[in-house]
Amino acid sequence: MENIEIARTLDEVADLLEIRGANPFRVRAYRTAARTVGALERPVPDLLASDPGALEALPGIGADLAGKITDLAKTGRLPLLGQLTRKTPESLVAMLRLPGVGPKRARLIYEKLGVRTLAGLERAARAGTLSTLPGIGPTIEQTILKGLQQDQARGGRFPLAEAEAYVHPLVEALRAAPGVRQVEIAGSMRRRSETVGDVDILVAVSRGSEAADRFVHFADVEEVMAEGPTRCAVRLRSGLQVDLRLVPQASYGAALHYFTGSKAHNIAIRRRGVRRKLKVNEYGVFRGSRRIGGRSEAEVFRAVGLPYIPPELREDRGEIEAAERGALPRLVELTDIRGDLQMHTVYSDGRQALPDMVRACAERGYEYIAITDHTQAVRVAGGMGRAGFRKQAREIERVQKAHATPVILKSAEVDILEDGALDLDEETMAELDLVVVSVHSKFNLTKAQMTRRIVTALKHPRVHVLGHPTGRLLGRREPYPVDMAEIVKVARDYGVLLEVNAQPERLDLSDLHIAMAREAGVKLVISTDAHRTDELRWMAYGVDQARRGWCTASDIANTRDLAGFRALLRK
Ligand code: DGT
Ligand code: CA
Ligand code: CA
Ligand code: ZN
């Protein structure tokens, strides 16, 4: 189990304990432990291998918690969590997902109003009885109501990275099952969609394989929805649904193509097949009743006269026509990335010290990075003013002496104020190598106001990059209304780079906006916005979306060497 999952599990325990009104010290102990484990640089199992007492030596972790975390790391299970979940009404747990509802409030709502379901909560909010509770005013009531609507709108879809974390152990278990020859994730996850409805796993099996049995009996499975020799479906405890298809090796490529989708892409391919008197389906490529292909995906494409099309492009957004013309883009890859241009440190709301971030970036082989701590207006994030950036500049110079690479660019994520002014003085900005600007407040402007606000900022001559351009948080916060076509046009005219923020909950710009910017000739940067060293790995998720936006390396500014990157910055 990864540290981040251990931390999430401990946090969940803390939530449930709090809902149940447990001793506040006990609740706090779990929260502290979650933060401590989450901030560890080394995976817990590694740590334990070199020193079995390592956990207990950490601040705030006693013998009891150390034991639980050790078990959790080893088995991926924490019996206490199961017990607590069983004893707590499901809807109370669901309420925690809503903005404005923490464990204390969920408990209050349950006890005082007897609300046990999300539907009941919605009724109470609409009737205004929610706001009669102490500490809940009409504003919070409205926030909760809005959150309920968004929860429905999300429609049970999971952010890609979250779904990957849930399904990873299951895929590993399948790989280890006897009689399994190949395992691959298909569906929207293979196409790297920003969210997935369910996960589709494909396995090539030999006779008598135990794959299906392993699958339905996997520890994380909460409910088996279908079980048969060629298809099984389950729901995991996380709520994520997983489909398993079992196929013989001879059909593997055809099945992989079919179950990768998208549906629209499949239909277009099948139509091409029909024109060539071929039948293309999940079992293979057939002429009459004779199978002429289907062992590999490449065979399927070849049969319909096309080169291989990468999964990220299979959305029927012109990929088949481009393949036909030999005009498929050579998509950017993770290994093309030479630097990360948004990250935070303890100077603002990051969790780790500047040298730690630099060292981790050096380990990733980056040639350059930008340290982009927040400015003053973002008070909750401990934003800095002139003095803070001066002090940081001196530390950057010191740290740079110890590292030939990466080159550390002095930077800031400068807040765009409501009127489009920038939250940092001219002189300080002039001392920075890179100025990233973004919106962190007042999301409720009209589209015209928000567009004007951002355009004003982009026209400021010191601005190089617009960070997370729409401010969305997947499943949690809608993008603020903004005229993206106008932003793209101004970015092009003023030579501003647009960010693809790779935080799995942001993925902002989205794939379609990325394509829009690329078509307009605007260069993009892919940045992680990491607040801890382990978040630097999010780069891959940004690259995925850039690929879905048909980007080549040359569309992405941070694939250039430092001189090449600098040459792209406006003068
Ligand atoms: P999701 O799960 O909503 O994130 O999206 P997908 O694309 O994973 O969709 P899913 O799980 O319903 O089905 C997986 C793939 O199976 C889909 O991408 C294409 C293929 N497929 C499913 N139903 C059909 C269909 O009716 N016709 C065709 N041609 N393909 C289908
Ligand atoms: Ca799916
Ligand atoms: Ca499915
Ligand atoms: Zn930001």
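All of these numbers come straight from a predicted model, not from anything done at the bench.

## Details of helix α13 (residues 252-260)
Consideration 1: Counting buried residues in α13 gives 8 out of 9 residues, a clear majority hidden from the surface.
Consideration 2: Taken residue by residue, α13 has Y252, G253, A254, A255, L256, H257, F259 and T260 as its buried positions.
Consideration 3: Remark: G261 follows α13 within two positions and exhibits a positive phi of approximately 70 degrees.

## Concerning the coordination of the calcium ion (ligand 3)
Metal coordination angles in their ideal form are 109.5 degrees for the four-donor tetrahedron and 90 or 180 degrees for the six-donor octahedron.
Consideration 1: Around the calcium ion (ligand 3), the protein contributes the donor atoms D198 (OD), D198 (OD), D200 (OD) and D243 (OD), which lie 2.3 to 2.8 Å from the metal centre.
Consideration 2: Every donor residue of the calcium ion (ligand 3) comes from the same chain, spaced as D-x1-D-x42-D.
Consideration 3: A separation of 3.7 Å is found between the calcium ion (ligand 3) and the calcium ion (ligand 2), both of which receive a donor from D198.

## Comments concerning the packing of aromatic side chains
Consideration 1: Following the criterion strictly, the structure yields 5 aromatic pairs and no others.
Consideration 2: Residues Y258 and F259 carry aromatic rings whose centres are separated by 4.9 Å and whose planes lie at 85 degrees to one another, so their mutual orientation is edge-to-face.
Consideration 3: What makes Y258 partly exposed here is its relative accessible area of 29%.
Consideration 4: Ring centres 5.7 Å apart and planes at 80 degrees place the aromatic pair F301 and Y308 in the edge-to-face group.
Consideration 5: Relative accessible area serves as the criterion here: at 1%, F301 is assigned to the buried category.
Consideration 6: Across the ring face of F286, the terminal group of K279 is positioned such that the distance to the ring centre comes to 5.8 Å.
Consideration 7: The ring of F443 is capped by R477, whose NZ or CZ atom sits 4.2 Å from the centre of that ring.

## Regarding the domain arrangement of the protein chain
Consideration 1: When its domains are assigned, the protein chain resolves into domain 1 (3-154), domain 2 (158-247), domain 3 (252-325) and domain 4 (334-569).
Consideration 2: Each of domain 1 and domain 4 has a C-alpha centre, and these two points are 31 Å apart.
Consideration 3: Facing 7 residues of domain 1, the contacting portion of domain 4 comprises 11 residues.
Consideration 4: Interface of domain 1 and domain 4: buried area, both sides summed, is about 760 Å²; carbon and sulfur atoms make up 40% of it.
Consideration 5: In this structure, the connection of domain 1 to domain 4 is made through 0 salt bridges.
Consideration 6: For the interface between domain 1 and domain 4, the tally reads 0 residue pairs in polar contact (both at pLDDT 80 or more).

## Section: the pattern of salt bridges
Consideration 1: Throughout the structure, instances matching the rule amount to 38 salt bridges.
Consideration 2: With a closest N to O distance of 2.9 Å, E315 and R191 form a salt bridge. You can see E315 sitting in the loop between α15 (297-303) and α16 (319-324) and its partner R191 sitting in the loop between α11 (187-190) and β3 (195-196), a full 124 residues away along the chain.
Consideration 3: Members of the salt-bridge network, linked through shared partners, are D11, D15, E18, R31 and K104.

## What to know about empty space enclosed by the protein
Consideration 1: What the rule picks out here adds up to 1 cavity of 30 Å³ or more.
Consideration 2: Every residue lining the largest cavity is listed: A254, H257, Y258, N266, I269, R270, V280, N281, E282 and V300.
Consideration 3: For the lining of the largest cavity, the per-class residue count stands at 5 nonpolar, 3 polar and 2 charged.

## Let's talk about the nonpolar core
Consideration 1: Judged by nonpolar contacts, the single largest core of 94 residues is most densely connected at I201 and L498.
Consideration 2: The greatest single-element share of this core, amounting to 8 residues, is contributed by helix α10 (residues 160-175).
Consideration 3: If you count residues domain by domain, this core takes at least three from each of domain 2 (158-247) and domain 4 (334-569).
Consideration 4: Residues within four places of L498 in sequence aside, it is in contact with L466, I487, V488, A491, L509, A517, V522, K523, L524 and V525.

## Comments concerning the sheet that holds strand β8 (residues 279-281)
Consideration 1: The 3 strands are arranged β8-β9-β10 in an open sheet whose pairing can be described as antiparallel. Either end of the sheet is taken by a strand with one partner, and the two such strands are β8 and β10 (290-293). Across the sheet, the mean angle separating the axes of adjacent strands is 35 degrees when strand polarity is ignored.

## Things to note about the coordination of the zinc ion (ligand 4)
Consideration 1: Listed as protein donors to the zinc ion (ligand 4) are E413 (OE), H440 (NE2) and H468 (NE2); their distances from the metal cover 2.0 to 2.3 Å.
Consideration 2: Coordination of the zinc ion (ligand 4) draws on donor residues from a single chain, spaced E-x26-H-x27-H in sequence. Note that E413 is positioned in strand β13 (residues 407-415) and H440 in the loop between β14 (434-438) and α20 (447-459), a separation of 27 residues in sequence.
Consideration 3: When its relative accessible area of 1% is taken as the criterion, E413 is described as buried.

## Re the pairing of strand β6 (residues 231-236)
The side chains of a regular strand alternate, residue by residue, between the two faces of the sheet.
Consideration 1: Pairing geometry for strand β5 (residues 221-227) and β6, over 5 bridges, is antiparallel. By the bridge assignment for β6, A226 is matched with A233.
Consideration 2: Adjacent in sequence and paired antiparallel, β5 and β6 are bridged by 3 residues.
Consideration 3: The antiparallel pairing of β6 with strand β7 (residues 241-247) creates a hairpin that spans 4 residues between the two strands, and G239 there sits at a positive phi of about 95 degrees.

So, how was this worked out
- Residues numbered from 1 in each chain as written.
- Chains lettered and ligands numbered in written order.
- Predicted model: local features only at pLDDT ≥ 70, side-chain atom pairs only at ≥ 80, totals over all residues.
- Heavy atoms only, no water.
- Buried < 20%, exposed > 50% of the residue type's maximum accessible area, 1.4 Å probe, protein only.
- Helix = DSSP H or I, 4+ residues; strand = E, 2+ residues; numbered from the N terminus.
- Donors = N, O, S within 2.8 Å, 3.2 Å for Na, K, Ca; no water.
- Phe/Tyr/Trp six-rings, centres within 6.5 Å; stacked < 30°, edge-to-face > 60°.
- Lys NZ or Arg CZ within 6 Å of the ring centre and 35° of its normal.
- Domains from an automatic or database assignment.
- Contact = heavy atoms within 4.5 Å.
- Buried area = accessible area lost by both parts, 1.4 Å probe.
- Salt bridge = Lys/Arg side-chain N within 4 Å of Asp/Glu carboxyl O.
- Polar contact = N/O pair within 3.5 Å; in protein donor to acceptor, adjacent residues only side chain to side chain.
- 1 Å grid on protein atoms, 1.4 Å probe; cavity = no way out; pocket = protein on both sides within 12 Å on 5 of 7 lines; lining within 4 Å.
- Points joined across faces, edges and corners; volume = space filled by probe spheres on them.
- Nonpolar A, V, L, I, M, F, W, Y, C, P; charged D, E, K, R; others polar.
- Core = buried A, V, L, I, M, F, W, Y, C linked by side-chain atoms within 4.5 Å.
- Pairing = 2+ DSSP bridges.
- Axes fitted to C-alpha atoms, helices over the stretch in contact; angles between N-to-C directions.

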